[in-house]
Structures are given as structure tokens and as C-alpha cells.
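Inside the fold
As a plain string of letters, each chain reads:
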Amino acid sequence: MGEATSRTAAKSTAGESGSNLAFAAIHKVEADGVHVFYREAGEANAPVVLLLHGFPSSSFMFRELIPRLADKYRVIAPDLPGFGFTEVPAERKYAYSFDQLAKTIDAFTGALHLSRYAIYIFDYGAPTGLRLAMAHPERVTAIISQNGNAYEEGLGDAWAPIRHYWDSPTAENRAVIAKAILNFDGTKWQYTHGVKNPDSVAPETYTLDAALLERPGNKDIQLDLFLDYASNVKLYPKFQEYFRKSTPPLLAIWGKNDPFFIPPGAEAFRKDIPNAKVQFLDTGHFAIETHGAEIAAAMKEFLSANGIGS
């Protein structure tokens, strides 16, 4: 399909400290038989930062981070298959697993000719991005993990019902998960739990996610991915081996009140990457919604300190 002709024009406006913030253009490109929707900003020859979102969100979660980084970096944020505005043709017969998500994003980076990039991994973006990093360690210049887990000790008690689903993937347990999580209240809770002022979270975030979850067939996609998340836990030792062998520069910047991925998961990176930088924020799972400016500043400082875009 190539790039779609429909896109927003790149714009800029006065932003923090009087700087200009470049707004993202939107595109679509075919990769792995999937029409991948993505947002992009920054100069074409700038160092690349690849932003990988999590459940139940999309590249929309990076709407404020992208312009804060685009003065120094080429920032690219795709929607994973099953999320946002990426379209998977029915004839593709797509298997929704984390292995397949990683293969699609690998194909996406190939379609955009990305040979070197830092990756921002959040939630589902972590097992997706880390599979990509293991396959192509020479391409990854740095990792920013925002509540993107790779250690058993980072799994919080909120995983209990999903762990039960892993152990007993019956239709009854599948229905329990769907009823408990795949609804407006469950989505809003993920955004607001652990946030000092829940009303500070923009309502369009969880409202958009909840609306997209209601698309025909999407809840089954999400339930398949919940079940397959067990494959990520089995891969944790491989992820950790990659950390030890490749020692990528790593910043773990973490909402410390996240019920899913708890602070020990951030601290654990230092076991395998002793120089990993760990920073906690007094917020929840979607830390970017309440601390976007702090995350952007920490990323810029971290990347510059490691010779990326300095």
C-alpha cells in the first residue's frame, strides 16, 4: 500500500521555555501484510526514537511526548496490530501473539529503513520491543522503559486473575477477564489508579481506548493477547541474557504506584545492566499522562549522556 496520502501537516507552536514544538504527521505503511498507522515528527536524518505503546492504548498516548522530543530526534510511534488505527486485513488471518506483534514491528522498521534506533517500551511495548532488540541487538542504541517489565519480581498482584487464566484458560475464565477488564470502568481505572488527582488525566485517553475496545472482534483479540502474555514471562530469562550480553544504555522511568508493574521490576534492571538509571515518579501505570514533561526531560538528558542526539 505504501504511505497513505492522508496525513496531518507538520506544524509547530510556541511551547515550554519558549521552544517550538513540532506536531506529529500521521501516516500508514504496509508491513507484514498489515496497514500500520504511525505518528512521526523530527528531521529525517536525526537519531531515531521508536515509541512502543501498551494495552489498551495506541500511539495517541505519545501525543505530547513526540513534540517534546522532535527538536533533537526523529520520533516514530506505530499502533500495534489490534490497537489504535492500524488495520489488519481479514485475509491476513493474523495470529495475535507477542511473537507476531514483534515480527510486524520488525517489518515496520524495515519498511521505514530504520537501521538504528532507541526504543521506548511501555507495558505491551516491552515484550514486543525486547523481542526486536534480541533479534537485532546491533540496531538498538538505548532503551527507555516506562513501566515496561522484564522481571518476575516486577509483576504486581493485579496480575492474579490473568495468571489464573493462564493456568486454566477455560471459556468461563475468559469471560471473567472480559467482564472485569474489557470495559470503560476497567480502562479508566488503569489510567487513574495511583494518580494523586485522577481528574488530571485527560478523559479522551481512556474514552478513546474504551471505544476502540468495543469494535467487533477486538475483545477476542485482547483476550488472546492476555493469554499469550504468559509467553513473555517465559522469555524473561532470555531478555535478561540480552541485557547482560549487549548492555544497552537503559533508563527505567517508572510510575511507582502502578498495580501491574511494580517498582522492583524497575530496580531489577540493575542486576543485569549495573549502569542502568532508575527513576521513580509519584504516579500510576500511565505515567506519561501526568508526568510527560518530566519523562521527556529525563529521556533527553539520558540520551544525550549516552551520545545520542547530543
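Attention here is on the structure that accompanies the text. Per chain, the residues get numbers from 1 upward, laid out in the order the sequence is written. Whole-chain, interface and lining totals are the exception, using all residues; otherwise, since this is a predicted model, local features are given only for residues with pLDDT of at least 70 and side-chain atom pairs are given and counted only at 80 or more. Excluding hydrogens and water, the side-chain figures rest on all heavy atoms present in the structure.

**So, the overall build of the chain**
Keep this limit in mind: Only DSSP runs of H or I covering at least 4 residues are called helices, and only runs of E covering at least 2 are called strands; the numbering of each starts at the N terminus. A simple rule labels every residue: compare its accessible area, found with a 1.4 Å probe on the protein chains alone, to the largest value its type can have, and call it buried under 20%, exposed over 50%, or partly exposed in between. In this analysis, two residues are considered to be in contact whenever any of their non-hydrogen atoms come within 4.5 Å of each other. In these tables, accessible area is a Shrake-Rupley quantity obtained with a 1.4 Å probe, and a residue counts as shielded only by the protein chains included in the view. Positive charges are assigned to Lys and Arg, negative charges to Asp and Glu, while His and the chain termini are left out of the count. We put the charge of a Lys on NZ, of an Arg on CZ, of an Asp on CG and of a Glu on CD.
A count of helices and strands for the chain gives 11 helices and 10 strands. Judged by the C-alpha coordinates and their principal axes, the chain covers about 55 × 45 × 40 Å. By the burial criterion, 55% of the 310 residues in the chain qualify as buried. For the chain, the share of sequence-separated contacts (at least 6 apart) that also reach a separation of at least 24 residues comes to 74%. Accessible area of the chain: about 12,700 Å², with a carbon and sulfur share of 53%. Averaging the positions of the 30 positive and the 36 negative side-chain charges in the chain gives two centres separated by 3 Å.

**Side note on the pattern of salt bridges**
Using the following cut-off: By convention in these notes, a salt bridge is any Lys or Arg side-chain nitrogen within 4 Å of a carboxyl oxygen on Asp or Glu.
Scanning the entire structure with this criterion turns up 18 salt bridges. Where Arg 92 meets Asp 32, a salt bridge forms, and the shortest distance between an N and an O atom there is 3.1 Å. One end of the pair, Arg 92, is in the loop between β6 (74–78) and α2 (98–111); the other, Asp 32, is in the loop between β3 (25–31) and β4 (34–41), and 60 residues separate them in sequence. Take Arg 92: its relative accessible area is 23%, and that puts it in the partly exposed class. Classification of Asp 32 by relative accessible area gives partly exposed; the value is 27%. Between Lys 300 and Asp 71 there is a salt bridge, with the nearest N and O atoms lying 2.7 Å from each other. Here Lys 300, found in helix α11 (residues 287–305), pairs with Asp 71, found in the loop between α1 (65–69) and β6; they are 229 residues apart in sequence, far enough to count as distant. The exposure class assigned to Asp 71 is exposed, which follows from its relative accessible area of 52%.

**Let's talk about the side chain of Thr 283**
Topologically, Thr 283 is positioned in the loop between β10 (277–281) and α11. Look at Thr 283 and you get buried, because its relative accessible area is 1%. Among residues more than four places away in sequence, those in contact with Thr 283 are Gly 194, Val 195, Gly 255, Lys 256, Asn 257, Asp 258, Thr 290 and His 291.

**Observations concerning the side chain of Thr 128**
What counts, and what does not: Any N or O atom pair separated by 3.5 Å or less is treated as a polar contact, with the protein-specific requirement of one donor-capable and one acceptor-capable atom, and with residues adjacent in sequence counted only for side-chain atom pairs.
Along the chain, Thr 128 falls in helix α3 (residues 125–135). Side-chain polar atoms of Thr 128 contact the backbone oxygen of Tyr 124, separated by 2.9 Å. Discounting residues that sit within four places of it in the chain, Thr 128 has contacts with Leu 80, Phe 98, Leu 101, Ala 102 and Ile 105.

**Re the nonpolar core**
Going by this rule: Take the buried Ala, Val, Leu, Ile, Met, Phe, Trp, Tyr and Cys residues and link them wherever side-chain atoms come within 4.5 Å; each set so joined is a nonpolar core.
In terms of nonpolar packing, the biggest core is built from 63 residues, with Leu 50, Phe 108, Ile 143, Phe 226, Tyr 229, Phe 243 and Phe 269 touching the most fellow members. The element best represented in this core is helix α8 (residues 218–246), accounting for 11 residues. Judged by nonpolar contacts, the second largest core, of 34 residues, contains Leu 51, Ile 66, Phe 122 and Leu 251.

**As for empty space enclosed by the protein**
If you roll a probe as big as a water molecule over the atoms, it shows you where there is empty space left. The condition is simple: Both site types are read off a 1 Å grid over the protein atoms alone. A 1.4 Å probe that fits but cannot get out defines a cavity, while an open set with protein on both sides within 12 Å along at least five of seven lines defines a pocket; lining residues have an atom within 4 Å of a point. Grid points are joined across faces, edges and corners, and a volume is the space filled by probe spheres set on the points.
In this structure the tally under the stated criterion is one cavity of 30 Å³ or more. In this structure, the largest cavity occupies an estimated 50 Å³ of space. Surrounding the largest cavity, Pro 56, Ser 57, Gly 82, Phe 83, Gly 84, Asp 209, Leu 212, Leu 213, Arg 215, Asn 218 and Gln 222 form its lining. Taken together, the elements giving at least two residues each to the lining of the largest cavity come down to α7 (203–213) and α8. Element by element, the count of residues in the lining of the largest cavity is highest for α7, at three residues.

**Comments concerning the sheet that holds β6**
Condition: Strand pairing is assigned whenever DSSP detects at least two bridges linking the two strands. Whenever a helix is involved, its axis is fitted only over the stretch in contact; in every case the axis is a line through C-alpha atoms, and angles between N-to-C directions fall within 0 to 180 degrees.
With respect to topology, eight strands assemble into an open sheet ordered β3-β4-β6-β5-β7-β8-β9-β10, the strand pairing being mixed. At either margin of the open sheet sits one strand with a lone partner, and together these are β3 and β10. Averaged over neighbouring strand pairs, the angle between their axes works out to 25° when direction is ignored. For β4 and β6, the ladder comprises four bridges, and the chain directions are antiparallel. From the neighbouring strand, Tyr 38 faces β6, where its bridge partner is Pro 78. Its contacts with the sheet place α11 against β5 (48–52), β7 (117–121), β8 (140–145), β9 (250–255) and β10, and it is angled at close to 165° to β9.

**Let's talk about α8**
Our working rule: Expected helix span is given by 1.5 Å per residue-to-residue step, counting one fewer step than there are residues. To get the bend at a given residue, fit one axis to the seven residues ending there, fit another to the seven starting there, and take the angle between those axes.
If you check α8, its first and last C-alpha atoms are just 36 Å apart, much less than what 29 residues at 1.5 Å a residue would give, namely 42 Å. The sharpest bend along α8 measures roughly 45° and falls at Leu 235, with the proline Pro 237 sitting one to four residues further on. Where α8 ends, the next residue or the one after it, Thr 247, has phi of about 40°, a positive value.

**With respect to helix α4 (residues 160–167)**
Convention followed: Each C-beta atom gives one direction from the helix axis, and the arc is the one those directions make.
Residues of α4 that are buried: Ile 162, Tyr 165 and Trp 166. In an axial view of α4, the angular spread of the buried residues amounts to 105°, which keeps them on one side of the axis. The secondary structure elements touched by the buried residues of α4 are α5 (171–181) and α8.

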